[in-house]
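# Summary of the model geometry
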Amino acid sequence: MAKVAGLAVVVSLLTSGCSVEEAIRFGWPEGITPQAEAMRQLWTWSAIAALVVGAITWGAMLWAVAFHRKKKDDDGSLPRQTQYNLPVEIVFTVIPTIIVAVLFAFTVVVQNYVDSDPAEPADVRVDVTAFQWNWEFGYPDTPGPDGRPVSTLGTSDTIPLLVLPTGQSIEFTQRSTDVIHSFFVPEFLFKRDVFPLPEVNDQDNVWRIDEIEREGAFVGRCAELCGAYHAQMNFEVRALPPDLYERWLALRTQVNPDTDAVYTAGEALGELNCGELCAPQATTTYPFTTDRTQRSASQPTTGS
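## What about the confidence of the model for the protein chain?
- With 88% of its residues at a pLDDT of 70 or more, the protein chain has an overall mean of 85.
- The secondary-structure element of the protein chain with the lowest mean pLDDT is helix H1 (residues 2-16), recorded at 52, while strand E4 (residues 161-165) shows the highest, at 96.

## Examining the packing of helix H3 (residues 34-67) against helix H4 (residues 86-114)
- In the contact formed by H3 and H4, the axes pass within 9 Å of each other and the chain directions differ by 170°. Between H3 and H4, the angle falls in the class roughly antiparallel. Listed contacts from H4 to Pro 34, Gln 35, Ala 38, Met 39, Leu 42, Ser 46 and Val 53 of H3 are Ile 99, Leu 103, Phe 106, Thr 107, Val 110, Tyr 113 and Val 114.
- Class assignment for the residues of the contact of H3 with H4 results in eleven nonpolar, three polar and no charged.

## Looking at the environment of Thr 253
- In this structure, Thr 253 sits in the loop between helix H5 (242-251) and strand E11 (255-256).
- The exposure class assigned to Thr 253 is partly exposed, which follows from its relative accessible area of 27%.
- On a C-alpha basis, the gap between Thr 253 and Gly 144 in space is 4.6 Å, while along the polypeptide they are 109 residues apart.
- Aside from chain neighbours lying at most four places away, what touches Thr 253 is Thr 142, Pro 143, Pro 145 and Val 150.
- In terms of polar contacts, Thr 253 uses its side chain to reach the backbone carbonyl oxygen of Ala 250, at 2.6 Å.

## With respect to the pairing of strand E6 (residues 181-185)
- The buried count for E6 comes to four of five residues, which makes it a mostly enclosed element.
- Across five bridges, E6 lies against strand E7 (residues 190-194) in antiparallel orientation. Across the sheet, the residue bridging to Phe 183 is Arg 192, located in E7.
- Bridge analysis of E6 against strand E9 (residues 216-222) gives two bridges, and the strand direction is antiparallel. Its bridge partner lying in E9, Phe 183 is registered against Cys 222.

## Let's talk about the sheet that holds strand E8 (residues 206-209)
- Strand order across the open sheet formed by five strands is E3-E2-E1-E5-E8, with mixed pairing between neighbours. Strands at the two margins of the open sheet, each flanked by one partner only, are strand E3 (149-153) and E8. On average, each strand axis in the sheet is tilted by 25° relative to the strand beside it, whichever way the strands run.
- Two elements, strand E1 (residues 124-131) and strand E5 (residues 170-176), share seven bridges in a ladder whose sense is parallel. Note on E5: the bridge partner recorded for Val 126 is Phe 172.

## Focus: the pairing of E5
- Taken across its seven residues, E5 has five buried, putting it largely inside the fold.
- Strand direction decides the pairing type here: E5 and E8, joined by four bridges, are antiparallel. Paired with Thr 173 across the bridge in E8 is Val 206.

## Topic: the pattern of salt bridges
- Enumeration according to the criterion identifies eight salt bridges in this entry.
- One salt bridge in this structure joins Glu 37 and Arg 40, with 2.6 Å as the shortest N-O distance. With a gap of three residues between them, Glu 37 and Arg 40 both fall in helix H3, about one helical turn apart.
- Judged by relative accessible area, Arg 40 falls into the buried class, the value being 12%.
- Among the salt bridges present, the one from Glu 236 reaches Arg 238, with a minimum N-O distance of 2.7 Å. The exposure classification of Glu 236 matches that of Arg 238, with both residues buried.

## Let's talk about the sheet that holds strand E10 (residues 234-240)
- Read across the open sheet, the five strands follow the order E4-E10-E9-E6-E7; overall the sheet is mixed. A single partner strand is all that each edge strand has here, and the edge strands are E4 and E7. Adjacent strand axes in the sheet meet at a mean angle of 25° when their direction is disregarded.
- Judged from the five bridges that link them, E4 and E10 form a sheet pairing that is parallel. Its bridge partner lying in E10, Leu 162 is registered against Val 237.
- Most of the contacts of H5 go to E4, to which it runs at about 130°, and overall it touches E4 and E10.

Scoring rules and cut-offs
Residues numbered from 1 in each chain as written. Predicted model: local features only at pLDDT ≥ 70, side-chain atom pairs only at ≥ 80, totals over all residues. Heavy atoms only, no water. pLDDT = per-residue confidence, 0-100. Helix = DSSP H or I, 4+ residues; strand = E, 2+ residues; numbered from the N terminus. Axes fitted to C-alpha atoms, helices over the stretch in contact; angles between N-to-C directions. Parallel < 35°, antiparallel > 145°, perpendicular 65-115°, else oblique. Contact = heavy atoms within 4.5 Å. Nonpolar A, V, L, I, M, F, W, Y, C, P; charged D, E, K, R; others polar. Buried < 20%, exposed > 50% of the residue type's maximum accessible area, 1.4 Å probe, protein only. Polar contact = N/O pair within 3.5 Å; in protein donor to acceptor, adjacent residues only side chain to side chain. Pairing = 2+ DSSP bridges. Salt bridge = Lys/Arg side-chain N within 4 Å of Asp/Glu carboxyl O.

Given below as structure tokens:
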């Protein structure tokens, strides 16, 4: 029976095309930050520990069924009773306590790492402002031509692009202008509730990631039901190499000669001319129609 079960697991992995790494993620997406990897490892080993405990429990159940079932020549007397076996009871108490304590300890270590706010300044600082039903991302250390920090404001027609560098620590300061929202990038493997008036609501609204480990475009969402257009409150993280990020940020402080206005996030990306990574519009999501009378589902623009 054990050989058949093991063979079934191996065959299922091979035929599904899953690598061992994909299989032991147990459904979690592949993270792009050290914090995400720490949480993924906690999830993986917690699941493996649960499976080991489950296998032992299932094995004990099957053993009892196989070797202690009623036989034809039984005289009807009860088998030997062990409910007052002190060593067994101690083992059944101590082992689960150790398992829970170990899982708790690893959980605290990972939680403290993810929630840590080191004293040294981050390489990049970003202000995240949520509102019904969109996002604004500001770069407080980079003033624009008008002296105010460079920012990207999402609209019902434009998905806001949160452009960030790879390989650098990033500090986020978040707040809401109305109700509770939630900043969620699946590849970060966690979400952060965005409170209005975080100081009054006793929320630590500053957090950081050590780095983004690979380039790419990653969808972001609001993960807190915040009102009628909650499902439309998407954004996109665009992770660029540091040199491209610096060029993009420099363009954001300049006036676009074609529009006589400061470069938008999309226009600045387009000027970098680095292929899909510098697409001027979001590639992972698209704006939803806000026409409440429309009866068909909104679709992305063809070819975009």
